[in-house]
Amino acid sequence: FTWAQNTADGSSAAYVVRGMSIPLDQVPSAEVEFSHNGTVVGSGTAAAAMGNPLTAVAWLANQLLDRGECLRAGQFVITGGLCAAVPFEPGDTVSATSGPAAVSVSRA
């Protein structure tokens, strides 16, 4: 995938699943395991997002501030993927597991 393709088709943010809240001090060590058609194809921790997703949100807030804008209460910020992307073809199923939470999506 190129950056242009990723942006054009929204492949990294076309669908987002929100899970349960975790304490802020546990955010960088939150883990995820990603499977494609039943085979684990990636894993990672939230630290993959600039060392800590909270750092990524602070960076965004500062960038917005430089433009006279700001984050507002209730906005949802996506800080980036924790695993490499895989093609999602018709008939495929992808799933992600993080602690006790799991989600699975199939493409018709």
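As a reminder, the structure under discussion sits directly above these lines.
Calculation notes
Residues numbered from 1 in each chain as written. Predicted model: local features only at pLDDT ≥ 70, side-chain atom pairs only at ≥ 80, totals over all residues. Heavy atoms only, no water. Helix = DSSP H or I, 4+ residues; strand = E, 2+ residues; numbered from the N terminus. Buried < 20%, exposed > 50% of the residue type's maximum accessible area, 1.4 Å probe, protein only. Contact = heavy atoms within 4.5 Å. Areas by Shrake-Rupley, 256 points an atom, 1.4 Å probe, with all protein chains shown as cover. Pairing = 2+ DSSP bridges. Axes fitted to C-alpha atoms, helices over the stretch in contact; angles between N-to-C directions.

### Quick notes on the overall build of the chain
Piece 1. Within the chain, the secondary structure is distributed over two helices and four strands.
Piece 2. Of the regular secondary structure in the chain, the N- to C-terminal order runs α-β-β-α-β-β.
Piece 3. Here the chain holds 108 residues, and 15% of them are scored as buried.
Piece 4. If you take every contact in the chain between residues at least 6 apart in sequence, the share linking residues at least 24 apart comes to 48%.
Piece 5. Surface exposure of the chain reaches about 7,800 Å², of which carbon and sulfur atoms provide 57%.

### Focus: the pairing of strand β1 (residues 31-36)
Piece 1. Relative to strand β2 (residues 39-45), β1 runs antiparallel, the two sharing six bridges. Bridging from a neighbouring strand, H36 pairs with T39 of β2.
Piece 2. The turn joining β1 and β2, which pair antiparallel and follow one another in sequence, is formed by two residues; a positive phi near 55° is taken by N37.
Piece 3. Pairing analysis gives four bridges linking β1 to strand β3 (residues 93-98), with the strands arranged antiparallel. When the bridges of β3 are listed, F34 appears paired with A96.

### Topic: the environment of L54
Piece 1. For L54, the position within the fold is in helix α2 (residues 53-66).
Piece 2. You can call L54 partly exposed: its relative accessible area is 38%.
Piece 3. For the pair formed by L54 and D25, sequence separation is 29 residues and the distance between their alpha carbons is 9.9 Å.
Piece 4. Leave out the neighbours within four places in its chain, and L54 touches L24 and V27.

### Some remarks on unusual backbone geometry
Piece 1. Positive phi, close to 55°, is recorded for N37, a residue that is not glycine.
Piece 2. Structurally, N37 can be placed in the loop between β1 and β2.
Piece 3. In this model, M50 sits at a positive phi of 60°, which is unusual for a non-glycine residue.
Piece 4. With respect to the helices, strands and loops of the structure, M50 is situated in the loop between β2 and α2.

### Some remarks on the sheet that holds strand β4 (residues 101-106)
Piece 1. Reading across the sheet, the four strands line up as β2-β1-β3-β4 and stay open at both edges, with antiparallel pairing between neighbours. Each end of this open sheet is capped by a strand with a single partner; those strands are β2 and β4. Each neighbouring strand pair of the sheet contributes to a mean axis angle of 15°, computed without reference to strand direction.
Piece 2. The pairing of β3 with β4 spans six bridges and is antiparallel. Residue pairing for β4: A96 is matched across the bridge by V103.

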